[in-house]
Amino acid sequence: MQNLTLTWQSAGGTAVVLYGGAYAAAKARRAGLSALLREAGTLLALFALWQLVGRLSVMGTEHALDRARWIHRTELAVGLPDEASLQDAVTPYPVLVRFANYYYASMHFAVMLGVLAWVFFRHRERYAWVRNTVVITTAVCLLVQFIPVAPPRMLPQNGFVDVAAQYGQSVYGGAVGGMVVADQLSAMPSVHVAWCVLAAVAVVRVSPSPFRWVMVLHPVLTVAVVVVTANHFWADGIVAVVILLLAYAAQAFAARLGGRTPAVAEALPRSGAERVEPVGSVEPAEGPGNEPERVKDGSRQVT
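Rules used in this analysis
Residues numbered from 1 in each chain as written. Predicted model: local features only at pLDDT ≥ 70, side-chain atom pairs only at ≥ 80, totals over all residues. Heavy atoms only, no water. Core = buried A, V, L, I, M, F, W, Y, C linked by side-chain atoms within 4.5 Å. Buried < 20%, exposed > 50% of the residue type's maximum accessible area, 1.4 Å probe, protein only. Helix = DSSP H or I, 4+ residues; strand = E, 2+ residues; numbered from the N terminus. Contact = heavy atoms within 4.5 Å. Polar contact = N/O pair within 3.5 Å; in protein donor to acceptor, adjacent residues only side chain to side chain. pLDDT = per-residue confidence, 0-100. Phe/Tyr/Trp six-rings, centres within 6.5 Å; stacked < 30°, edge-to-face > 60°. Lys NZ or Arg CZ within 6 Å of the ring centre and 35° of its normal. Salt bridge = Lys/Arg side-chain N within 4 Å of Asp/Glu carboxyl O. Expected span 1.5 Å × (residues − 1). Arc of directions from axis to C-beta.

Let us now look at the nonpolar core. Membership of the largest hydrophobic core comes to 50 residues, with the highest contact counts inside it found for Met112, Val115, Leu116, Val130, Val134, Leu198 and Met215. Breaking this core down by element, the ones donating at least two residues are helix 1 (8–27), helix 2 (31–53), helix 5 (94–122), helix 6 (124–144), helix 8 (191–206), helix 9 (217–228) and helix 10 (234–267). In contact with Val134, not counting residues within four places along its chain, are Leu46, Met112, Leu116, Trp195 and Leu198. In terms of nonpolar packing, the next biggest core, distinct from the first, is built from 14 residues, Ala68, Leu185, Met188 and Phe233 among them.

Rendered as structure tokens:
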């Protein structure tokens, strides 16, 4: 399968161009176009960062396989189903395997982009919430991915098969020096799982349609696909969902803090005695028995 994914250089360059277009549109007082270009640039910048982090490492790549083996052992010890046995149940059916490979390679980014575009154009008032969730979740996932962890498909001794390579559908480049490629060692956590759950939650929360629950099929399919293709462990998805929940909690907490100040201000007592008139703004009308107070230079002078 040809890899149609943008490199981090091309994604980053395109993001810069889009930001430039957003600035030019803002100068031309095209607010809608400027917002669209800015948001598209932000998404591509995030994607470029994701690609770049996959090529970097804080702790080195030599222990990535050891960490993957430890995750697999721990999952089995706590009673989670063995991903290898689930993969074995599907591999006899080439049509399902090919479908899983295609879904893994294309749908995560396409669906997320489609959901963001739909919210932006149809439910603009909810867009910031969805966009901020994407940014926070992806950023935290990227930080965790600085610790390289190999995907299960790189553990044939544990019973896993790289079905994408087997069917010629792998989107990854060739190995360097007979070893694994660095940008494949970002299995923990699974951004695929984080994004698919995020997209489903966004549609269910934002859309008024009774058919919105169909979107729940996307995370169900994605979780099945990442397991069948041996690209992720259960733990990769679990950690991704925890990060997503923390992103929701952080936004809810920030919104509560932001809404507290106006509420306090509205609760303050306001009586006539507390009303402050601007200095120099009022002069009472003159009349019998009513000596006016003239205001001059911020001080009161009685004439």
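Relative to the helices and strands, Asn231 resides in the loop between helix 9 and helix 10. Here Thr229 takes part through its side chain, which lies 2.7 Å from a polar atom of the side chain of Asn231. Here Asn231 is in contact with Tyr104, Pro151, Pro152, Arg153, Tyr172, Ala187 and Val226, once residues within four sequence places are set aside.

Now for the confidence of the model for the protein chain. Of all residues in the protein chain, 76% have pLDDT values of 70 or greater, and the mean over the chain is 81. Below pLDDT 50 for its whole length, residues 174–180 participates in six contacts with residues either more than four positions away or in separate chains.

Below, the discussion takes up the packing of aromatic side chains. Counted according to the given criterion, the structure contains six aromatic pairs. By the ring-pair criterion, three or more aromatic residues cluster together here, those being Phe120, Phe121 and Tyr127. Here Arg124 stacks its cationic end above the ring of Phe120, 3.8 Å away from the centre of that ring. Seen from the ring of Trp129, Arg126 lies directly overhead, with NZ or CZ sitting 5.3 Å from the centre.

This paragraph deals with the pattern of salt bridges. As enumerated under the stated definition, the model contains three salt bridges in all. Between Glu39 and Arg131 there is a salt bridge; the shortest N-O distance is 2.6 Å. With a gap of 92 residues between them, Glu39 in helix 2 and Arg131 in helix 6 connect regions that are remote in the sequence. No difference in accessibility class separates Glu39 from Arg131, as the two residues are buried. Across the salt bridge formed by Asp66 and Arg69, the nearest N and O atoms sit 2.9 Å from each other. A residue pair is termed a helical-turn pair when its members lie 3 or 4 positions apart in one helix, as Asp66 and Arg69 do in helix 3 (residues 64–77) at three residues. On the basis of relative accessible area, Arg69 is assigned to the partly exposed category, the value being 25%.

Compared with the 20 Å implied by 1.5 Å per residue over 14 residues, the 20 Å span of helix 3 between its first and last C-alpha is a close match. What helix 3 keeps buried is the set Ala64, Arg67, Ala68, Ile71, His72 and Glu75. Here the buried residues of helix 3 occupy an arc of 140° about the axis, which is enough to place them on one side. Seen from the open side of helix 3, the exposed residues pointing more than 90 degrees away from its buried face are Trp70, Arg73 and Ala77.

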